[in-house]
Number of protein chains: 2
Amino acid sequence: MARPREELARSPSPQEHLDAVAKLLAKRRLVEDLVHRQGERDNRRPELVEDLVHRQQVAAIGKRLEGLHPGDVAYILEGLPLDDRLVAWGLVSEERRGDVLLEAADSVRETLIADMDSAQIVGAAEYLDADEIADLAPDLPDEVVQDILEAQDDEDRAQLQSALSYPEGTVGALMDFEVVSIRDDVTCEVALRYLRRYEELPSQTDALFVVDRVDHLKGALPLKRLLVSDPEVEISTLYDRDILSFSPESEADDAAHAFERYDLVSAPVVDVRGKIVGRVTVESVLEFVRERQEAQALGKVGLREEEDLFSSVWASAKNRGPWLALNLCTAFVASRVVGAFEGSIEKLAALAALMPIVAGIGGNSGNQTTTLIVRSLALGQVSPSNARRLLLKELAVATANGVIWGGVLGIVAWLLYRNVALGGVMALAMLLNLLVAALAGIFIPLAMERFGRDPAVGSSVFLTFVTDSMGFFIFLGLATVFLL
Amino acid sequence: MARPREELARSPSPQEHLDAVAKLLAKRRLVEDLVHRQGERDNRRPELVEDLVHRQQVAAIGKRLEGLHPGDVAYILEGLPLDDRLVAWGLVSEERRGDVLLEAADSVRETLIADMDSAQIVGAAEYLDADEIADLAPDLPDEVVQDILEAQDDEDRAQLQSALSYPEGTVGALMDFEVVSIRDDVTCEVALRYLRRYEELPSQTDALFVVDRVDHLKGALPLKRLLVSDPEVEISTLYDRDILSFSPESEADDAAHAFERYDLVSAPVVDVRGKIVGRVTVESVLEFVRERQEAQALGKVGLREEEDLFSSVWASAKNRGPWLALNLCTAFVASRVVGAFEGSIEKLAALAALMPIVAGIGGNSGNQTTTLIVRSLALGQVSPSNARRLLLKELAVATANGVIWGGVLGIVAWLLYRNVALGGVMALAMLLNLLVAALAGIFIPLAMERFGRDPAVGSSVFLTFVTDSMGFFIFLGLATVFLL
């Protein structure tokens, strides 16, 4: 990243700011320690000296933070250990605290909120819009949310209540209320005069929403068209009537797809009667896409949330434990499958060495199928009409891979153990387990989708469970029948 | 999604369009078949009747496609089997084909391009901007790219060559050339007059880039500020000087973070001398974020690209084979580790039943660590100064989990096999393999990052390899030493 030449030097990156603040904090701690120890040795009270040094250091850090975008401040706070983080947080002014909280990662946000009393939170909330407060609300104590509601004036309170009412994943949860609308029976001249009454138009305003007398949406007039139009012309001859709008209950994911497909910057949200209730901006869409991406990456390995780099060991163990416990249960069941064949293994220990290959490759292949199905589900490409075709194709691909790789492994097993029958069992077990993997790889995500769970997140545990247990069962079962 | 009330009914969704076109195509095929068979039976040439029916059907499909956004046309083509897809593709007019290709998924794009001769491709390219052609170029035959270059006028050719020169993942590959810039020594009035000469401003133009006499970037003037400003005022008193700009070589990922953090709609791209060479829009950023997200999800399970729902079995097997082969190799090595302990397993077959649990939980736990490290790497939060802290924390979490879950499993193994020593070995092996998993979970993504590979994509194969092999080795080794 670079800034215009005018500024001579490149502005520091967020990382550089973080390093600088971390150094200032370290220096402060060092000085504090020294003064403290000196005071102890001299048996004098060190407050006066400390106070002076302290105030200097603190002023330097505060000044640095003041000039930064709230997103950069959040980044710095995320990169600091808890004690330093809270020192820095104390230097962020009340009117900027809300914006910083909005930008901070969930786990870090929790530590910052925990450091504020309810009056401070209510104070910081006064500088936020209703949709922003709603974004923070899940992390706030219920009684603080009540306090915030009571501190609002009537209009703001109504907006906030509306924003709080939409569940995550809906357009209502994405939308804000910074709608600039205009009647369609005026000229561009009048529209421009109206806009000049704004000190500054809301961020990401690329169009005016055109409404009738009772605020029903009729279309949109892009600002860039207004700019290049003759002032005498009536709005009604200029605006787009065929625009996309959303209802607050629409799925946020559909909105994200539409924003990407149609290159939108903002889009109106209307209620069932066609009245504008808010707008969605590309900024909130981009944030939504990124956050979901992150939640899915974490969810795939069973993490409920990202971890603060500096969180306690205990908090981390709690975040990761349930997943390990679940996997322990599925692994235990697979282990009992093997246990049922202990007699066979005692007679031919080679089975124990070969069985993880059959199970493992099944898991790999099934995860490929699941990943492709999850993608198709997300794009709405899986329909009853092509489900059969998909199934047949996956079974065919599994057969092809099973013949090829099962064959390779069968030959390897044969050569390794000088046992043709063992090679044959290996090859057949691979083929069968790949077919099982294909079936499970299709049906598990479809079933999760049917039951309203995100198939991108939970499919792989169940899949691995099936391919492990069935892989062991098929291989050891065939071996018991044909080899012993 | 809903559209304004004015239109009375809800516009159909892309899925509904797809269903409608699929039905029209099916009807067409049916009629064609009937006519054909009738013709055969009557021993007459069926062309005339067929022609008439055919033209009717085709007109209906063509009309339907014509009214749709290129993104929706691409969606429909993706949802059709190859033969139907090419019929529909033949009905897309030349001036819209480029836009549809841009929106189509890679695998489907390939099938569409394969259906065009080079004259058609060059013709379609004439309706695209330089940056759009550059996006398509990797999928085009080299000689066609040459033909397209030759067909351009000088300015366009220079832009196209510049666009082609930036590797994927850089800002240069994201940027377009639709820059609207203005000198800083004019009034708003003059700026507005200048803008009126445009028929329509480029999509996603939210600001004019302010430049000096030699096109060096000085700042930006948001359109919304221009709108609400007095026409008499000079631009120089209005524009933002402290704006973010990128160099074409910057990483696209950094740009994406900046767009999200600072809520940008567009940002200028400047060369080393500070001259504007293009701009990045939030549209291209959103597309980049989504595409990378998808590529990572696919890459994690070893898929080089998404698969066309209707691709051949052979193409699919080729797409998935290399990953299975790689996993086969690592599984084989792990299998040889077990093979080395076949003597122990013959004496105590319970080892074969328990060993997959030790290996599996190690893999799960290591993948959690890796996922968190990959996230921290992406956010630039891993520095030499906190690497040690991270390592200690992960080892501590692994120890906590190892003591808890190793203890649980140890007791289960003891009760199941009535063998205290076996339980002890199980618990100790779990603890040790979780520590191995923590080390591998940290070092593998760091090493991949160091060697310039995407740690989000390839880490898990190596990790599973380590946790499987080491899990088997630790458990069977301990068992051999203490139990036999």
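Everything numeric here is computed off the predicted structure, so don't read it as measured data.

1. Remarks on the interface of chain A and chain B
Between chain A and chain B, the residue contacts involve 140 residues of the former and 140 residues of the latter. Where chain A touches chain B, the interface holds 14 salt bridges. Across the pair A:Glu307 and B:Lys393 runs a salt bridge, and its minimum N-O distance is 3.5 Å. Where chain A packs against chain B, one counts 42 residue pairs in polar contact (both at pLDDT 80 or more).

2. Observations concerning the environment of A:Phe462
Residues and elements named next belong to chain A. Inspection of the secondary structure assignment puts Phe462 in helix 21 (residues 455–483). For Phe462, a relative accessible area of 44% puts it in the partly exposed group. On a C-alpha basis, the gap between Phe462 and Thr330 in space is 8.3 Å, while along the polypeptide they are 132 residues apart. Residue contacts for Phe462: discarding those within four places in its chain leaves Ile444 and Met448.

3. Remarks on the UniProt feature "domain: CBS" (unreviewed entry) in chain A
UniProt's feature table lists "domain: CBS" (unreviewed entry) at residues 239–298 of chain A, given in the numbering used throughout. The span residues 239–298 of chain A shows a helical share of 47% and a strand share of 18%, and its end C-alpha atoms are spaced 44 Å apart.

4. Comments concerning empty space enclosed by the protein
In the structure shown here, the tally under the stated rule is eleven cavities of 30 Å³ or more. If you go around the largest cavity, you meet 13 residues; those closest to its centre are A:Glu307, A:Leu309, B:Leu372, B:Ser376 and B:Leu390. Of all the secondary-structure elements, those providing two or more residues to the lining of the largest cavity are helix 18 (350–378) and helix 19 (384–417) of chain B. No other element matches helix 18 of chain B, which puts five residues into the lining of the largest cavity. Tallied by class, residues from the lining of the largest cavity come to four nonpolar, two polar and seven charged. Considering the residues around the second largest cavity, the lining is formed by A:Leu372, A:Ile373, A:Arg375, A:Ser376, A:Leu390, A:Lys393, A:Glu394, B:Glu307, B:Asp308, B:Leu309 and B:Arg320. Element by element, the count of residues in the lining of the second largest cavity is highest for helix 18 (residues 350–378) of chain A, at four residues. By residue class, the composition of the lining of the second largest cavity is four nonpolar, one polar and six charged.

5. Digging into the pairing of strand 3 (residues 217–222) of chain A
Residue and element names in this part refer to chain A. Most of strand 3 sits inside the fold, with six of its six residues counted as buried. Bridge count for strand 2 (residues 207–211) against strand 3 is five bridges, and the pairing is antiparallel. Looking at the pairing, Val210 lines up with Gly219 of strand 3. Hairpin connection between strand 2 and strand 3: a loop of five residues separates the two successive antiparallel strands, and Asp215 in this loop has a positive phi of roughly 70 degrees.

6. Describing helix 9 (residues 142–151) of chain B
Think of an α-helix as turning once every 3.6 residues; residues three or four places apart then point the same way. Residues and elements named next belong to chain B. For helix 9, the set of buried residues is Val144, Val145, Ile148 and Leu149. Viewed along the axis of helix 9, the buried residues span an arc of 145 degrees, placing them on a single side of the element. Facing away from the buried side of helix 9 by over 90 degrees, the exposed positions are Glu143 and Glu150. Against the buried residues of helix 9 lie helix 7 (118–125), helix 8 (130–136) and helix 10 (154–164).

7. A word on the packing of helix 16 (residues 313–339) of chain A against helix 18 of chain B
Where helix 16 of chain A meets helix 18 of chain B, the axes come as close as 8 Å, and the angle between the chain directions of the two elements is 155 degrees. As summarised for this structure, helix 16 of chain A and helix 18 of chain B are arranged roughly antiparallel, according to the angle between their axes. Every pair of crossing elements has a handedness; the one defined by helix 16 of chain A and helix 18 of chain B is right-handed. For the pair formed by helix 16 of chain A and helix 18 of chain B, the contact residues are A:Arg320, A:Trp323, A:Leu324, A:Asn327, A:Leu328, A:Ala331, A:Phe332, A:Ser335, A:Val338 and A:Gly339 on the first element and B:Ala352, B:Ala353, B:Leu354, B:Ile357, B:Ile361, B:Asn364, B:Ser365, B:Gln368, B:Thr369 and B:Leu372 on the second. Residue classes in the contact of helix 16 of chain A with helix 18 of chain B are distributed as twelve nonpolar, seven polar and one charged.

8. Points about the relation of the copies chain A and chain B
Structural alignment of chain A on chain B gives an RMSD of 0.1 Å, achieved by rotating through 180 degrees and translating 0.0 Å along the axis. On the angle and the small slide along the axis, the relation comes out as a two-fold axis. The position closest to the rotation axis in chain A is occupied by the C-alpha of A:Glu346, lying 2.2 Å away. Here 100% of the interface residues in chain A have copies in chain B that are interface residues too; the copies meet face to matching face.

9. Observations regarding the pairing of strand 5 (residues 276–281) of chain A
All names here are of chain A. Buried residues dominate strand 5, accounting for five of its six residues. Sheet topology note: the strand 4 (residues 266–270)/strand 5 ladder contains five bridges and is antiparallel. Its bridge partner being in strand 5, Val270 is matched across the sheet by Ile276.

10. What to know about the environment of B:Arg64
Residues and elements named next belong to chain B. Following the sequence through the fold, Arg64 ends up in helix 2 (residues 47–66). Along the sequence, Arg64 and Ala20 sit 44 residues apart, while their C-alpha atoms lie 8.9 Å from each other. If near-sequence neighbours (up to four positions away) are discounted, Arg64 is found in contact with His17, Ala20, Val21 and Leu24.

Criteria and thresholds
- Residues numbered from 1 in each chain as written.
- Chains lettered and ligands numbered in written order.
- Predicted model: local features only at pLDDT ≥ 70, side-chain atom pairs only at ≥ 80, totals over all residues.
- Heavy atoms only, no water.
- Contact = heavy atoms within 4.5 Å.
- Salt bridge = Lys/Arg side-chain N within 4 Å of Asp/Glu carboxyl O.
- Polar contact = N/O pair within 3.5 Å; in protein donor to acceptor, adjacent residues only side chain to side chain.
- Helix = DSSP H or I, 4+ residues; strand = E, 2+ residues; numbered from the N terminus.
- Buried < 20%, exposed > 50% of the residue type's maximum accessible area, 1.4 Å probe, protein only.
- UniProt positions renumbered as here; feature names shortened; annotations may be inferred.
- 1 Å grid on protein atoms, 1.4 Å probe; cavity = no way out; pocket = protein on both sides within 12 Å on 5 of 7 lines; lining within 4 Å.
- Points joined across faces, edges and corners; volume = space filled by probe spheres on them.
- Nonpolar A, V, L, I, M, F, W, Y, C, P; charged D, E, K, R; others polar.
- Pairing = 2+ DSSP bridges.
- Arc of directions from axis to C-beta.
- Axes fitted to C-alpha atoms, helices over the stretch in contact; angles between N-to-C directions.
- Parallel < 35°, antiparallel > 145°, perpendicular 65-115°, else oblique.
- Left-handed = near helix turned anticlockwise from the far one by under 90°.
- Least-squares fit on C-alpha atoms with pLDDT ≥ 70 in both.

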